[in-house]
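An overview of the molecular structure
Okay, here's what each chain looks like letter by letter:
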Amino acid sequence: MHLLIIFSTLSAAYLYRYFWTPSTAPWGVRWHKTLFAFLFPPLLIFMTAIALLYMGPQGQMGGIQTGCLSYVISLGYLAIFAVLCIKLARQGWQSVKLARSYPLVNIGGKNIRLLTTKSLFAGQIGFWQPELVVSEGLLETLSEEHLATVFAHEQGHYHYRDTFWFFWLGWIRNCTAWLPQSHALWQELLVLRELRADAYAAAQVDRILLAESLLYVASTPFVESEICCAALGSSGVDRLEQRIEALLGQSASEEINTTFSYGLLLAFLPLITVVFHS
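Residues numbered from 1 in each chain as written. Predicted model: local features only at pLDDT ≥ 70, side-chain atom pairs only at ≥ 80, totals over all residues. Heavy atoms only, no water.

If you walk across this open sheet you meet the 5 strands as β3-β4-β6-β5-β7, and the pairing is mixed. Both edges of this open sheet fall to β3 (104-107) and β7 (229-231), since each of them pairs with a single strand only. Strand-to-strand, the axes of this sheet are offset by a mean angle of 40 degrees, without reference to chain direction. Bridge count between strand β5 (residues 122-125) and strand β6 (residues 131-135): 4 bridges; the pairing is antiparallel. Bridging from a neighbouring strand, Gln124 pairs with Leu132 of β6. Sitting on the sheet, helix α3 (residues 69-100) touches β4 (110-115), β5 and β6, and the angle it makes with β5 is about 120 degrees. (Pairing = 2+ DSSP bridges. Helix = DSSP H or I, 4+ residues; strand = E, 2+ residues; numbered from the N terminus. Axes fitted to C-alpha atoms, helices over the stretch in contact; angles between N-to-C directions. Contact = heavy atoms within 4.5 Å.)

Encoded structure:
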């Protein structure tokens, strides 16, 4: 019976991801739908593993004797989850340590970490309290007005705690990379994260100047780890046109609904199976 539950869960998660298609709705709606599609299948699998682990290797379910194979599978999968989390946390900590090794300077009343490179880079690096890292090349290339737009964009990442939340989303991505369209969903989340930060900045600074700053940064890509990092150009050059169009074509005051759909509670249904185990 437990093996049937595992098979049903994996089938549902796989098929849901397989038939997912990108939304053409406004980006605020896309964020909500994409996040649901990204989180629901992994949560369903995770909750099933938790339920089977709680029920243990022995007992009956629906009058059918259960074995230890499903228990071992669940325990092994959760162990892999834990190992991947530790590995990702270690990599993230290394990024944070590297960022903190950069000299701290004050520019325009803001404390930033100065990166010694001619590449154009600006990004928040850290966990819950990230630090702003800016390259010398960016400071030398952009005017004060353009720098203000960059700072406003990065403040958007800080406001939404993107480095913290995307650390956990990245962990989920690594744990369920075998699911269909995991890469496509991840890339969609990255660009929507940048669109959200763009909108936050556009409510405070000139959108055209922000678009120009984005073009400057995108023209000289800087390789940086995605772990615990939210950079101005991190969505990639291939999504640049989408971000520019959003900046020039929508109201800067647009807000998005970040409340999780009540449908996400369906991922916890496997926990109900515990009631039928004896």
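Next comes the rest of the account.
It is worth spelling out the pairing of β5 at this point. Of the two faces of β5, the one lined by Ala122 and Gln124 and the one lined by Gly123 and Ile125 are each fully buried. In this structure, the hairpin formed by β5 and β6 is closed by a connection of 5 residues, where Gly126 is found at a positive phi of approximately 150 degrees. Where β5 meets β7, 3 bridges bridge the pair, whose relative direction is antiparallel. Along β7, the bridge assignment pairs Ile125 with Cys229. (Buried < 20%, exposed > 50% of the residue type's maximum accessible area, 1.4 Å probe, protein only.)

What follows concerns the pattern of salt bridges. Per the stated rule, a full pass over the model turns up 8 salt bridges. Of the charged contacts in the structure, one is a salt bridge between Arg196 and Asp162, with a shortest N-O distance of 2.5 Å. With a gap of 34 residues between them, Arg196 in helix α7 (residues 182-202) and Asp162 in helix α6 (residues 162-175) connect regions that are remote in the sequence. Here Asp162 falls in the buried class, since its relative accessible area comes to 0%. It is possible to trace a salt-bridge network through shared partners that takes in Arg193, Glu194, Asp198 and Arg243. (Salt bridge = Lys/Arg side-chain N within 4 Å of Asp/Glu carboxyl O.)

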